[in-house]
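Examining the three-dimensional arrangement
Each chain, letter by letter, is given below.
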Amino acid sequence: MRTRGVLFDFSGTLFRIEPVEAWLRAALDARGTAMEQDDFERCARGLTAAGALPGGPRPERIPPALATAWAGRDSSARLHREAFTGLAREVALPDPGLYDALYERHMSPDAWQPYPDAAEVLRGLRRDGTAVGVVSNIGWDPRPVFRAHGLDGLIDVYVLSYRHGIQKPDPRLFREACALLGRDPEDVVMVGDDRHADAGASAVGCEVRFVDHLPVDERPDGLRSLGLLEPAGEGPDGHRS
């Protein structure tokens, strides 16, 4: 059966967020806040342990006061900000304005880098006539990131959890994405890095394939290796054209 549509997760699948150290440094620079190197390293370690960077390392623990926001963090923009700024506040920073500055920074296109093979695979799918969507658990609109990196024109639809008030693995997100693509779920592949959240696509009939959530320099061809593209020179029926 020929794949007629592909759905991609955003963070950890098509793009990767910058390291915690770069994230903190960018927020400090934006605020004009100076910090001694020892203090910088202490804060970076604390933010890493807290899991304060969306798309970065997971929290080592969730403070009880943030349990509700954390559980529903991708179902609304408000809860997403509350959860992640709350985690950041577990770390004592020298400037109170840094907590919001850190959150704003993670939404900047400069904070994200596409995986090395993302453009090649997305362009190949467009060449093959395959419909492409993004289904993301997220609290903000990532389309400016795609635009800044020249990939927005290769995405047909975006289905974002915070706009629907539900989170993956809820099958309704995947069903909505397939409907917007105009494809039967049995003809669609879901690609993601989260074996719990992204596996929810199987409940509506999609095939699910996974990539590893790794730094970009450690995953040069994770998307390419999934076999999503038709062999060069072959048509939809598998014969040389």
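What this report covers is the structure whose coordinates are included nearby. Computed from a predicted structure; not experimentally measured. (Residues numbered from 1 in each chain as written. Predicted model: local features only at pLDDT ≥ 70, side-chain atom pairs only at ≥ 80, totals over all residues. Heavy atoms only, no water.)

This part covers the overall build of the protein chain. Across its full length, the protein chain holds nine helices and seven strands. Against the 2.2 N^0.38 benchmark of 18 Å for 241 residues, the protein chain shows a C-alpha radius of gyration of 19 Å, consistent with a compact globule. Along the first, second and third principal axes, the C-alpha set of the protein chain runs to 65 × 30 × 25 Å. For the protein chain, the residues scored as buried account for 52% of the 241 residues in total. (Helix = DSSP H or I, 4+ residues; strand = E, 2+ residues; numbered from the N terminus. Rg over C-alpha atoms; globule rule 2.2 N^0.38 Å. Buried < 20%, exposed > 50% of the residue type's maximum accessible area, 1.4 Å probe, protein only.)

Moving on to the sheet that holds strand β1 (residues 5–8). Here five strands make up an open sheet; going across it, the order is β5-β4-β1-β6-β7 and the pairing parallel. Looking along the sheet, the strands with just one partner apiece sit at the ends: β5 (157–160) and β7 (207–210). Between one strand and the next, the sheet's axes are offset by a mean angle of 20 degrees, whatever the strand orientation. Here β1 pairs with strand β6 (residues 188–192) via four bridges, running parallel. In the sheet register, V6 faces β6, and the bridge partner there is V189. Set on the sheet, helix α6 (residues 118–128) makes contact with β1 and β4 (131–136); between it and β1 the angle comes to about 155 degrees. (Pairing = 2+ DSSP bridges. Axes fitted to C-alpha atoms, helices over the stretch in contact; angles between N-to-C directions. Contact = heavy atoms within 4.5 Å.)

Below, the discussion takes up a negative patch on the surface. A cluster of acidic residues, E21, E36, D38, D39 and E41, forms a negative patch on the protein surface. In terms of residue count, the dominant contributor to the negative patch is helix α2 (residues 37–50) (three residues). Looking at the element boundaries, D38 is found in helix α2. Assessed through its relative accessible area of 62%, D38 is described here as exposed. (Patch = residues over 30% accessible without salt bridge, like charges linked within 9 Å, V, L, I, M, F, W, Y side chains within 5 Å. Areas by Shrake-Rupley, 256 points an atom, 1.4 Å probe, with all protein chains shown as cover. Salt bridge = Lys/Arg side-chain N within 4 Å of Asp/Glu carboxyl O. Lys, Arg positive; Asp, Glu negative; His and termini not counted. Charge placed at Lys NZ, Arg CZ, Asp CG, Glu CD.)

Here the focus is unusual backbone geometry. Of note, the amide linkage connecting K168 to P169 takes the cis form, showing an omega dihedral of 15 degrees. Within the secondary structure, P169 is located in the loop between α8 (161–164) and α9 (171–181).

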